[in-house]
Amino acid sequence: MIFSRSNNPFINGTPTETFYNLSVNKSGGKVQPIDNLTDITVSNNFVITSGTFETGGNTLAVTGNSTIGGTLSTNDATGIANLNTVAFSGGIIGSSTNTGTVNIGGTLIVSAGDGTNGRVKLNVAGTTSRAANRP
């Protein structure tokens with residue numbers, strides 16, 4: 001599924017909505033679950049090229065790889081993102097207001113892009129590598 005329009009689409013499933021691949025490439029707006037009763041499962045790859053994906057008070061579980069160049073927002077203190085290997089090439093992981101949790105079970109690869117950690121409990125179980133020119 002590719003979310004690319006500038007509107008604010010909601011994901012609705014009870015109790016879980018499952019995607020094979022989930023991609024966000026939006027010039028405006030955000031993608032989010034409709035309420036705190038819809039967990040999101042991505043059974044392959046999760047990509048945010050631009051735009052925002054918000055967890056709300058839900059759990060996002062990704063079994064494949066994730067690429068974050070936009071914003072992965074844990075905009076609710078009970079929001080959780082369970083990711084595997086993450087290529088963080090820019091954008092934001094976390095939120096400006098509430099502190100949710102992002103768990104990375106594999107490797108966190110921080111490239112030369114301009115990325116920011118917002119307010120988030122960030123746990124990396126694997127290794128972290130960053131580009132030499134990245135502060």
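Located above this text is the structure these notes cover.
My aim in this report is to walk through the structure given alongside it, one point at a time. (Residues numbered from 1 in each chain as written. Predicted model: local features only at pLDDT ≥ 70, side-chain atom pairs only at ≥ 80, totals over all residues. Heavy atoms only, no water.)

**Some points on the environment of Asn75**
Here is step 1: Tracing the backbone through its elements, the reader meets Asn75 in the loop between strand 9 (71–73) and strand 10 (80–83).
Here is step 2: For Asn75, a relative accessible area of 23% translates into the label partly exposed.
Here is step 3: In this structure the C-alpha to C-alpha distance between Asn75 and Thr101, which are 26 residues apart in sequence, comes to 9.8 Å.
Here is step 4: Residue contacts for Asn75: discarding those within four places in its chain leaves Glu54, Thr55, Gly56, Ser95 and Asn98.
Here is step 5: There is a polar contact of 2.8 Å between the side chain of Asn75 and the side chain of Glu54. (Helix = DSSP H or I, 4+ residues; strand = E, 2+ residues; numbered from the N terminus. Buried < 20%, exposed > 50% of the residue type's maximum accessible area, 1.4 Å probe, protein only. Contact = heavy atoms within 4.5 Å. Polar contact = N/O pair within 3.5 Å; in protein donor to acceptor, adjacent residues only side chain to side chain.)

**Regarding the nonpolar core**
Here is step 1: Core analysis: the biggest nonpolar cluster contains 23 residues, and Phe46, Phe53, Leu60, Leu72, Leu83 and Val102 have the highest contact counts within it.
Here is step 2: If you list the elements that add at least two residues to this core, you get strand 4 (22–33), strand 5 (39–42), strand 6 (46–54), strand 7 (59–62), strand 10, strand 11 (86–88), strand 13 (100–104) and strand 14 (108–110).
Here is step 3: Discounting chain neighbours no more than four positions away, the residues touching Leu72 are Phe46, Ile48, Phe53, Thr55, Leu60, Ala81, Leu83, Ile92, Ile93, Gly94 and Val102. (Core = buried A, V, L, I, M, F, W, Y, C linked by side-chain atoms within 4.5 Å.)

**Quick word on the sheet that holds strand 3 (residues 16–19)**
Here is step 1: In space, the six strands of this open sheet follow the order 3-5-7-10-13-16, with parallel pairing throughout. Whereas interior strands pair on both sides, the edge strands pair on one side only; in this sheet they are strand 3 and strand 16 (120–124). Strand-to-strand twist in this sheet, taken as the mean axis angle between neighbours without regard to direction, amounts to 10°.
Here is step 2: Sheet topology note: the strand 10/strand 13 ladder contains four bridges and is parallel. Note that in strand 13 the partner of Ala81 across the bridge is Val102. (Pairing = 2+ DSSP bridges. Axes fitted to C-alpha atoms, helices over the stretch in contact; angles between N-to-C directions.)

**Points about the environment of Asn21**
Here is step 1: Among the structural elements, Asn21 can be located in the loop between strand 3 and strand 4.
Here is step 2: Note on Asn21: relative accessible area 30%, which makes it partly exposed.
Here is step 3: Reaching out from Asn21, the side chain makes a polar contact with the side chain of Asn44 at a distance of 2.8 Å.
Here is step 4: A distance of 3.0 Å separates the side chain of Asn21 from the backbone nitrogen of Asn45, its partner in a polar contact.

**Looking at the side chain of Thr71**
Here is step 1: Checked against the element boundaries, Thr71 lands in strand 9.
Here is step 2: Residue Thr71 is classed as buried on the basis of its relative accessible area of 17%.
Here is step 3: Residues in contact with Thr71, not counting those within four places in the same chain, are Ile48, Gly51, Thr52, Phe53 and Ile92.

**Considerations on the packing of aromatic side chains**
Here is step 1: Considering all chains together, one arrives at one aromatic pair under this definition.
Here is step 2: Taking the centre distance of 5.4 Å and the plane angle of 80° together, the rings of Phe46 and Phe53 count as edge-to-face. Each member of the pair, Phe46 as well as Phe53, carries the same accessibility label: buried. (Phe/Tyr/Trp six-rings, centres within 6.5 Å; stacked < 30°, edge-to-face > 60°.)

**Re the side chain of Asn58**
Here is step 1: For Asn58, the location among the structural elements is in the loop between strand 6 and strand 7.
Here is step 2: At a separation of 3.1 Å, a polar atom in the side chain of Asn58 contacts the main-chain amide nitrogen of Thr38.
Here is step 3: Discounting chain neighbours no more than four positions away, the residues touching Asn58 are Pro33, Asp35, Asn36, Leu37, Thr38, Asp39, Thr78, Gly79 and Ile80.

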